[in-house]
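Now for the letters of each chain:
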Amino acid sequence: MESSVGRKPIGSKRVFRKKANAKGKVEKYKARLVAKGYSQVPGIYFGDIFSLVAKVTSIRLLLSVVDAFDFEVEQMDVKTTFLHGDLEEEIYMKQPEGFAVKGKKELLCKLKKPLYGLKQSPRMWYQKFDTLYEDLASP
């Protein structure tokens, strides 16, 4: 099976998790669809990858400035981080198991947004975040 651009579609899998409270009782069941990004080939499926990492010395400097000027620090955790970017490449994914419609199993999903597991997901998210920051910073 090949996509319309002549590339093999990547697969996907579901990841299931149980969220427990402090006493160990299950409070939530969570599921996420993850792309099998390990099958992506550099130069075909993606150009660059990106991993945002902060140095410990940078964090120490930031915290010392916060302390010296009595600023407040806030932390933010976005649960759907990678889903906010926009894909630049055309990537096709096989239909998730159990999702395929009878008689249409040969159809593929064209991804418009990055999924967890894709090699370029962190870079696409960072580009979106950087663009939004530049828009807010400009007068």
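Here, every reference points to the structure presented above.
Please read all numbers here as calculations on a predicted model, not as lab measurements.

Colleague: Got a sec to walk through the overall build of the protein? Specific residues and values, please.
Modeller: When its secondary structure is counted, the protein shows two helices and four strands. The buried share of the protein, reckoned over its 139 residues, is 22%. Counting every atom, the protein has about 11,200 Å² of accessible surface; 56% of that belongs to carbon and sulfur.

Colleague: Tell me about the side chain of Gln95, and please be specific about residues and values.
Modeller: Mapped onto the fold, Gln95 is located in the loop between strand 3 (91-94) and strand 4 (108-111). A polar side-chain atom of Gln95 sits 2.9 Å from the main-chain carbonyl oxygen of Lys104. Discounting chain neighbours no more than four positions away, the residues touching Gln95 are Ala100, Val101, Lys104, Lys105, Leu107 and Cys109.

Colleague: Describe in detail the pattern of salt bridges, supporting the description with residues and values.
Modeller: Enumeration according to the criterion identifies one salt bridge in this entry. Here Asp86 makes a salt bridge to Lys113, at a shortest N to O gap of 2.7 Å. In this pair, Asp86 is assigned in the loop between helix 1 (56-68) and strand 3 and Lys113 in the loop between strand 4 and helix 2 (121-137), connecting sequence segments 27 residues apart. Exposure remark for Lys113: the relative accessible area of 36% places this residue in the partly exposed category.

Colleague: Outline the environment of Leu63, supporting the account with residue identities and numerical values.
Modeller: Mapped onto the elements of the fold, Leu63 is located in helix 1. With relative accessibility at 44%, the residue Leu63 sits in the partly exposed group. As a C-alpha pair, Leu63 and Val73 span ten residues in sequence and 8.3 Å in three-dimensional space.

Colleague: So what about the packing of aromatic side chains? Which residues, and what values?
Modeller: The geometry of an aromatic ring pair is captured by the separation of the ring centres together with the interplanar angle, meaning the angle of the planes. Counting across every chain of the model gives one aromatic pair. In this arrangement the basic side chain of Arg32 is found over the ring face of Tyr116, its NZ or CZ atom lying 4.1 Å from the centre.

Colleague: Got a sec to walk through the side chain of Gln120? Specific residues and values, please.
Modeller: Mapped onto the fold, Gln120 is located in the loop between strand 4 and helix 2. For Gln120, the side chain forms a polar contact with the side chain of Glu89, separated by 3.2 Å.

Colleague: Give me the pairing of strand 1 (residues 12-20): which residues, what numbers.
Modeller: Here strand 1 runs beside strand 2 (residues 26-35); their pairing, made up of nine bridges, is antiparallel. For Ala20, the partnering residue across the bridge sits in strand 2 and is Val26. Once strand 1 ends, the chain turns through five residues before running back antiparallel as strand 2, passing Gly24 with a positive phi of about 95°.

Colleague: Residue-level account of the environment of Gln127, with values.
Modeller: Here Gln127 is to be found in helix 2. Residues Gln127 and Asp86 lie 41 residues apart in sequence; the distance between their C-alpha atoms is 8.7 Å.

Colleague: Kindly report on helix 1, identifying the contributing residues and their values.
Modeller: With 13 residues, helix 1 extends 18 Å between its outermost C-alpha atoms, agreeing within 8% with the 18 Å of an ideal straight helix rising 1.5 Å per residue. Counting buried positions along helix 1 gives one out of 13 residues, so the element sits mostly on the surface. Immediately beyond the C-terminal end of helix 1, within one or two residues, lies Asp70, with a positive phi of roughly 55°.

Colleague: Please give an account of the environment of Ala31 that cites residues and values.
Modeller: Looking at the element boundaries, Ala31 is found in strand 2. Between the C-alpha atom of Ala31 and that of Arg14, which follows or precedes it by 17 residues, the distance is 6.7 Å. Contact partners of Ala31, with chain neighbours within four places excluded, come to Val15 and Phe16.

Here is what the cut-offs are and how they apply
- Residues numbered from 1 in each chain as written.
- Predicted model: local features only at pLDDT ≥ 70, side-chain atom pairs only at ≥ 80, totals over all residues.
- Heavy atoms only, no water.
- Helix = DSSP H or I, 4+ residues; strand = E, 2+ residues; numbered from the N terminus.
- Buried < 20%, exposed > 50% of the residue type's maximum accessible area, 1.4 Å probe, protein only.
- Areas by Shrake-Rupley, 256 points an atom, 1.4 Å probe, with all protein chains shown as cover.
- Polar contact = N/O pair within 3.5 Å; in protein donor to acceptor, adjacent residues only side chain to side chain.
- Contact = heavy atoms within 4.5 Å.
- Salt bridge = Lys/Arg side-chain N within 4 Å of Asp/Glu carboxyl O.
- Phe/Tyr/Trp six-rings, centres within 6.5 Å; stacked < 30°, edge-to-face > 60°.
- Lys NZ or Arg CZ within 6 Å of the ring centre and 35° of its normal.
- Pairing = 2+ DSSP bridges.
- Expected span 1.5 Å × (residues − 1).

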